[in-house]
There are 2 protein chains.
Amino acid sequence: MRNDAKEAIVSLGKKLAKDVEEGKNPSIDVTVRTLSNVSYDKKTKKLLLGERKSAREFFNLGHIRKFVQTLEVAKIAKKELLDMGKHASLRDVFYMAKRTIPGSKINIVDDQTETDGAIEDLELITRFSREQLHVNANKMGSVAGKVVVEDSGDTIDWSRLGSGGWSIPSNVEAIQFKKVSAKYVIYMEKAAVWERLHEDKFWDKQNCIILSSQGQTTRGIRRLLQRLHAEHSLPIYILADFDPYGIYIYSVIKSGSINLAHMSETLAIPSVKFLGITGDDINTYDLKKHAIKLKEVDIQRLKQISEYEWFRNSKPWQRQFKLMKDFNAKFEIQALSSRGITFITDRYLPEKIGKAEMLD
Amino acid sequence: MRNDAKEAIVSLGKKLAKDVEEGKNPSIDVTVRTLSNVSYDKKTKKLLLGERKSAREFFNLGHIRKFVQTLEVAKIAKKELLDMGKHASLRDVFYMAKRTIPGSKINIVDDQTETDGAIEDLELITRFSREQLHVNANKMGSVAGKVVVEDSGDTIDWSRLGSGGWSIPSNVEAIQFKKVSAKYVIYMEKAAVWERLHEDKFWDKQNCIILSSQGQTTRGIRRLLQRLHAEHSLPIYILADFDPYGIYIYSVIKSGSINLAHMSETLAIPSVKFLGITGDDINTYDLKKHAIKLKEVDIQRLKQISEYEWFRNSKPWQRQFKLMKDFNAKFEIQALSSRGITFITDRYLPEKIGKAEMLD
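None of these values were measured; they are calculated from a predicted model.

The rules behind the values
- Residues numbered from 1 in each chain as written.
- Chains lettered and ligands numbered in written order.
- Predicted model: local features only at pLDDT ≥ 70, side-chain atom pairs only at ≥ 80, totals over all residues.
- Helix = DSSP H or I, 4+ residues; strand = E, 2+ residues; numbered from the N terminus.
- Rg over C-alpha atoms; globule rule 2.2 N^0.38 Å.
- Buried ≥ 20, exposed ≤ 12 C-beta atoms within 10 Å, placed from the backbone.
- Contact = placed C-beta atoms within 7 Å.
- Domains from an automatic or database assignment.
- Nonpolar A, V, L, I, M, F, W, Y, C, P; charged D, E, K, R; others polar.
- Expected span 1.5 Å × (residues − 1).
- Arc of directions from axis to C-beta.
- Pairing = 2+ DSSP bridges.
- Axes fitted to C-alpha atoms, helices over the stretch in contact; angles between N-to-C directions.
- Least-squares fit on C-alpha atoms with pLDDT ≥ 70 in both.
- Parallel < 35°, antiparallel > 145°, perpendicular 65-115°, else oblique.

(A) Summary view of the overall build of chain A. Along chain A, the regular secondary structure elements total 14 helices and 17 strands. The C-alpha radius of gyration computed for chain A amounts to 23 Å, which stays within 12% of the reference 21 Å derived for 360 residues, consistent with globular compactness. Along the longest, intermediate and shortest principal axes, the C-alpha atoms of chain A span 75 × 45 × 40 Å. Burial statistics for chain A: of 360 residues in total, 46% are counted as buried. In chain A, once contacts between residues fewer than 6 apart in sequence are set aside, the share between residues at least 24 apart is 70%.

As structure tokens, this is what we get:
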């Protein structure tokens, strides 16, 4: 592992220049990113990419387009981002790469999927993450809790940011944790639930961190959770709906995803636990009347998830899947509001965390 | 206008109790919220709801369901939110209202659209906004700039929040502006563009506020823009894609929307200006090669928008619509990145703002 992303790109360039000087066909070894090269590692409990590589050659009609795209993206990362100390979004990189090759009518890229793919390849070639190469994804989510960070020259106290909280940047690599008094982290998929817990000062009463996205768990959020866990040994609990999508969110944070298997090392957190909503909660907290009937797509998704290697042999999870099938329904976190607006803060969460009733 | 939301709900209750005592059919006057009662007011330049009202009666099979829903929501707002000093999301209110009428199998509400509608009616009846009734919508967006606010007992300096910025709460009614040094506001629909401007410290160099959502302009964001404009006379500039959707975003912020016509008074900002991307920018900044062909749905949307009353007689806007039709293409803000990653910060925005080249 090199310790500098710029160096890694330069050494890729030198390798190719050497190929040219020696009269060889310039080529890059790229790890294969198809499903056949992805497997679940029982020891680390992560979805990992295998070692199988294939050569991408310059003098090869089938390879040349991707070859040039990879180099173009490497050039942008080095010259326009790392050298300049600037970051770009995936969409920016697409526009920066979208130019016509002089003397031809051929664009280097026509579609963002091409630059996105080239950047993922560059992650594998350099062993630096997209974020370390200064390419950011979507910005999303808020955080509050007893934590002080330093970022871009500012000292930010996550416990003193009013009703809004800190807006999580898309790239959290440069954040430094100055003081972490909180004892654990609750991540929730819904910003409305975050606002509920924040108004009730749940993080203050329970000395924890509350962290949410709105819709999707971005890489920035996954990486922030991962850093809080790795650098400060904080347990991470997931609060999601009792539906296939909520469980999928948990699964991705825990073990990684097939698409980003090459990033599991830095993104997956095998020790995360599922706090709720569980099928048992439906009975315990009398939520049955808030059932939302499973649609065909939910049933299919449930079947898929229940066959994941890390769920297949888990009795507790198979039990949950069976409960969902028996209810033939999914349930939302907000159903707890039917028991009173602060029920989640005053009773549900303290009880669940107190009894350590969490799914692994 | 009453000065207390609780009082307004109590007086609704007293009115109904009086109806009962007097042996009358209890009824509520609700302003009609159909298209026929919405019109564009040329003087204020806002889409406004008319004065036409209809009575909603208790002893009326066609009215009873909505009548009860309105009262249920009024009870929740008064007893569970305002009295308790708590806020709830629209989804929470749905679950709180979703109970079976004793001795029957009838739920007060079956679907969130019913509570959403009842809350909008309650806004009209009480003349207090949903936010003032303590019901919040989605939380979204980030802000940075030379502004200090006080919120929930914290003092928050928007210029000292690292790369993330302040996460905008869904409800901004209680925020107090302590110090506003910034001279204007740029609102952009894309968080990635916000991160670009933030990394370049655009707000610091130009002494402005940068504010973004991710996807939709929530009521919280619209209200925050409105307050910055009304209380601190800051001009608001919109930075959006040159496509029908970007122009629609501008139109809603400026004049309001049909759905929320009853809120235009507090949400619409007729003086906002469209900063870009414009059709002229495509030529001036040589972006033509980044054309994205209009789809059928774009063409229809463009036709609709060009017929809006406030665009129909505007020569500058009709010119833009024609440019878009002639290009047969839309263009994204990020296309500017093809000219260099900081082109937007160093040249595009200073030039546009300097020349006051904005569409009204």
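From this point on, the discussion continues.
(B) Region of the structure containing the domain arrangement of chain A. All names here are of chain A. With domains assigned, chain A is organised as domain 1 (5–25 + 60–136) and domain 2 (142–354). Inter-centroid distance (C-alpha atoms) of domain 1 to domain 2 is 35 Å. For the side of domain 1 that touches domain 2, the element with the most residues is helix 4 (residues 112–126), which contributes 3 residues. Classifying every residue of the side of domain 1 that touches domain 2 by side-chain character gives 1 nonpolar, 4 polar and 3 charged.

(C) Representation of helix 1 (residues 5–21) of chain A in the model. Residue and element names in this part refer to chain A. Its 17 residues place the ends of helix 1 25 Å apart at the C-alpha level, agreeing with the 24 Å of an ideal helix rising 1.5 Å per residue. Within helix 1, the full set of buried residues consists of Ala5, Ala8 and Ile9. Buried residues along helix 1 cover an arc of 100 degrees about the axis, so they all sit on one side. Opposite the buried face of helix 1, by more than 90 degrees, sit the exposed residues Lys14, Ala17, Lys18 and Glu21. Those residues of helix 1 that are buried are in contact with helix 2 (64–82) and helix 4.

(D) Quick peek at the interface of chain A and chain B. Opposite the 43 residues of chain A that make contact, chain B presents 43 residues. Broken down by secondary-structure element, the contributors of at least two residues to the side of chain A that touches chain B are strand 5 (88–89), helix 3 (90–97), strand 9 (154–157), strand 10 (166–167) and helix 5 (191–199) of chain A. A per-class count over the side of chain A that touches chain B returns 14 nonpolar, 18 polar and 11 charged.

(E) Up close: the sheet that holds strand 9 (residues 154–157) of chain B. All names here are of chain B. One open sheet accounts for 3 strands, arranged 9-8-11; its pairing is antiparallel. The sheet terminates laterally at strand 9 and strand 11 (176–180), the two strands that pair on one side only. Sheet twist, expressed as the average angle between the axes of neighbouring strands with direction ignored, equals 20 degrees. Across 4 bridges, strand 8 (residues 147–151) lies against strand 9 in antiparallel orientation. For glutamate 150, the partnering residue across the bridge sits in strand 9 and is threonine 155.

(F) Quick look at the sheet that holds strand 11 (residues 176–180) of chain A. Residues and elements named next belong to chain A. As summarised here, the arrangement of the 3 strands in space is 9-8-11, forming an open sheet in which the pairing is antiparallel. Each edge of the sheet is formed by a strand with only one pairing partner; in this case those strands are strand 9 and strand 11. Neighbour-to-neighbour, the strand axes of this sheet turn through a mean angle of 20 degrees, independent of strand direction.

(G) Structural detail: the relation of the copies chain A and chain B. Screw-axis analysis of chain A against chain B gives a translation of 0.0 Å along the axis, an RMSD of 0.0 Å, and a rotation angle of 180 degrees. Both copies are brought into coincidence by an operation consistent with a two-fold rotation axis. Minimal C-alpha distance to the rotation axis in chain A is attained by A:Ser167, lying at 2.1 Å. When the interface residues of chain A are mapped onto chain B, 100% of them are again interface residues, pointing to one common binding face.

(H) Focus on the environment of B:Asp92. With respect to the helices and strands, the residue B:Asp92 is situated in helix 3 (residues 90–97). Separated by 56 residues in the primary sequence, B:Asp92 and B:Val148 place their C-alpha atoms 31 Å from one another. If near-sequence neighbours (up to four positions away) are discounted, B:Asp92 is found in contact with A:Gln334, A:Ser337 and A:Ile341.

(I) Seen up close, the environment of B:Asp243. Within the secondary structure, B:Asp243 sits in the loop between strand 14 (236–239) and helix 8 (244–255). Among all residues touching B:Asp243, those that are not within four sequence positions of it are B:Asp298 and B:Lys330.

(J) Representation of unusual backbone geometry within the structure. In this structure, the amide linkage connecting A:Gly276 to the following residue, A:Ile277, adopts the cis form with an omega of -5 degrees. Despite not being glycine, B:Ser152 shows a phi value in the positive range, around 50 degrees. By the secondary structure assignment, B:Ser152 is in the loop between strand 8 and strand 9. In this structure B:Ser152 comes out as partly exposed when scored by C-beta crowding, with 16 C-beta atoms within 10 Å.

(K) A look at the packing of helix 2 (residues 64–82) of chain B against helix 4 (residues 112–126) of chain B. All names here are of chain B. At a minimum axis distance of 9 Å, the contact between helix 2 and helix 4 shows a crossing angle of 75 degrees. Looking at the two axes, helix 2 sits roughly perpendicular to helix 4. Across the interface between the two elements, Gln69, Thr70, Val73, Ala74 and Ala77 from helix 2 touch Glu114, Thr115, Ala118, Ile119, Asp121 and Leu122 from helix 4. Residues of the contact of helix 2 with helix 4, tallied by class, amount to 6 nonpolar, 3 polar and 2 charged.

(L) Broad picture of the environment of A:Lys24. Residue and element names in this part refer to chain A. Relative to the helices and strands, lysine 24 resides in the loop between helix 1 and strand 1 (27–31). According to the C-beta neighbour criterion, lysine 24 is partly exposed, with 13 such atoms within 10 Å. Once the C-alpha coordinates of lysine 24 and phenylalanine 58 are considered, the two residues, 34 residues apart in sequence, prove to be 10.0 Å apart.

(M) How the structure looks around helix 5 (residues 191–199) of chain B. The buried fraction of helix 5 of chain B amounts to 9 of the 9 residues, a majority that puts the element mostly inside the structure. Directly beyond the C-terminal end of helix 5 of chain B, a positive phi value near 50 degrees is found at B:Lys201.

(N) Fine view of the pairing of strand 13 (residues 209–212) of chain A. Residue and element names in this part refer to chain A. Side chains Ile209 and Leu211 project from strand 13 onto one buried face, and the interleaved Ile210 and Ser212 project onto a second face that is buried too. Here strand 7 (residues 142–145) pairs with strand 13 via 4 bridges, running antiparallel. Pairing of glycine 145 across the sheet is with isoleucine 209, part of strand 13.

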